[in-house]
Amino acid sequence: MPAKVAEEWLNICGGCEVSILDIGDPLLGLLPQLQFVHMPVLMDHKYFGQTGEGTTLEIPQADVGIISGGVRNEKEKHVAEAMRQSCKTLIALGSCACFGGIPALANMWKLEELYEKVYRGSKTTEPAATPNQNLPPLLDSVKAVDEVVKVDAYIPGCPTAPEIIVQALTAVLEGKPFTLPERSVCDDCPVKREKKASGGTLKRPLEDISVKQGEPWENTRCFMEQGYLCLGPVTRAGCATGTEAEGHVKVPRCIKGHMPCRGCFGPIRQGANPLVDMMGALTSIGLDAKEVLDRRALLNRYIGGQNRLRPLPQKPAGGR
Ligand code: SF4
Ligand code: SF4
Ligand code: SF4
């Protein structure tokens, strides 16, 4: 009998759902084993009964639940709890669900400060009162799904690589645990490293990166050693899944696109502190970590949930 799958999206952009559709041919192989019983991105389900006839939130019973997106408001918290109740195994899909994701950058400010900025502090918007009618109240911060309910498997990435969704679903269908290995993006990166930066200063991330088309990756100098902020040393490997190009060499996804890693797969292991570790990595090759502007935000860009980003304490008036 096919496994019943329920999917929900919470505080999202929709990219994680696109990565499910991006699975392509392997999805056809998996489909006979799956029966999607709930998936708002594909089916017009209502929360109160599948056709809107009910009075309470209903998620159909499922063997596997997939949640994309973090938890920003009371409604999303309620949906996450209902998914947990209805699904035997719960998967967090994407960096928003796993760590809070980009929206959790908002955790650097208190709610009142955010309301003030959005509704009254924007030069392009007429000042207005904070809306409070018919809207679910916001939580005090953007939360990863596991801050609200227990999660059984994590598929990080913004969005993740479609191949990893197949690996995770296959493992869950076979009753096996799924976890990515604890190694870094650098461990999967075939570029040449000399353990020292070629220049003394960090470059702007949008300047051209020196990659010669057609050259083997072993001849291309590490982007960080070229002076770009590449978060490969502190980011979990997993995105280097392609094999078709570059003579079948696996290359991390952004590196293949001539862009530095921005850290979307999150920390290499639980409890790691990418901010501190990245400052150490920069220093170790002779770059000045203090040159990284807005370090707290940039080095926690996808992982601001789970208490990593919080409002800084106010400085006392007249204090320095
Ligand atoms: S992890 Fe990225 S792609 Fe997925 S919902 Fe969040 S922002 Fe969108
Ligand atoms: S720092 Fe970036 S470019 Fe250098 S090895 Fe690591 S992932 Fe590759
Ligand atoms: S290289 Fe880094 S930012 Fe790019 S997909 Fe991989 S983990 Fe994410």
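Residues numbered from 1 in each chain as written. Chains lettered and ligands numbered in written order. Predicted model: local features only at pLDDT ≥ 70, side-chain atom pairs only at ≥ 80, totals over all residues. Heavy atoms only, no water.

A. Up close: the sheet that holds strand β5 (residues 87–93). The five strands are arranged β2-β1-β3-β5-β7 in an open sheet whose pairing can be described as parallel. A strand with exactly one partner marks an edge of an open sheet, and here the two such strands are β2 (34–38) and β7 (153–155). Sheet twist, expressed as the mean angle between neighbouring strand axes with direction ignored, is 30 degrees. Sheet analysis places strand β1 (residues 3–9) next to strand β3 (residues 62–68), joined by five bridges and oriented parallel. Counterpart to V5 in the pairing with β3 is V64. Against the sheet, helix α3 (residues 74–86) touches β1, β3 and β5, its axis set at about 135 degrees to β5. (Pairing = 2+ DSSP bridges. Helix = DSSP H or I, 4+ residues; strand = E, 2+ residues; numbered from the N terminus. Axes fitted to C-alpha atoms, helices over the stretch in contact; angles between N-to-C directions. Contact = heavy atoms within 4.5 Å.)

B. Broad picture of the site of ligand 2. Taken together, the residues surrounding ligand 2 are V185, C186, C189, V191, R193, C222, F223, M224, C230, G232, P233 and I255. Broken down by class, the residue content of the shell around ligand 2 amounts to ten nonpolar, one polar and one charged. (Near = heavy atom within 4 Å. Nonpolar A, V, L, I, M, F, W, Y, C, P; charged D, E, K, R; others polar.)

C. Region of interest: the domain arrangement of the protein. According to the domain assignment, the protein contains domain 1 (3–107 + 133–173) and domain 2 (181–310). Just the C-alpha atoms count here: the centres of domain 1 and domain 2 sit 28 Å apart. Taking both sides of the interface into account, the surface hidden between domain 1 and domain 2 amounts to around 1,400 Å²; carbon and sulfur atoms contribute 58%. Looking at the side of domain 1 facing domain 2, the largest losses of area belong to F99, L105 and N107, adding up to 35% of the total buried there. Inspection of the domain 1/domain 2 interface yields zero salt bridges. Looking at the side of domain 1 that touches domain 2, the elements that each hand over two or more residues are α4 (95–99) and α6 (162–173). Top element by residues in the side of domain 1 that touches domain 2 is α4. It accounts for three residues. Partitioned by chemical class, the residues of the side of domain 1 that touches domain 2 number twelve nonpolar, six polar and three charged. (Domains from an automatic or database assignment. Buried area = accessible area lost by both parts, 1.4 Å probe. Salt bridge = Lys/Arg side-chain N within 4 Å of Asp/Glu carboxyl O.)

D. Layout of the site of ligand 1. As a structural note, the neighbourhood of ligand 1 is formed by I12, C13, G15, C16, G94, S95, C96, G157, C158 and P159. Contributions of two or more residues to the shell around ligand 1 are made by α1 (15–21) and α4. Tallied by class, the residues present in the shell around ligand 1 amount to six nonpolar, four polar and no charged.

E. Highlighting the environment of L287. Relative to the elements of secondary structure, L287 occurs in the loop between α8 (274–284) and α9 (295–298). Residue contacts for L287: discarding those within four places in its chain leaves A197, G199, G200, T201, L202, M224, G227 and L282.

F. Structural view of the pattern of salt bridges. In total, this model carries 13 salt bridges according to the counting rule given. Here E174 makes a salt bridge to K176, at a shortest N to O gap of 3.0 Å. Given the relative accessible area of 48%, K176 is considered partly exposed. Here the salt bridges share partners, and the residues they tie into one network are K192, E194, R221 and E225. (Buried < 20%, exposed > 50% of the residue type's maximum accessible area, 1.4 Å probe, protein only.)

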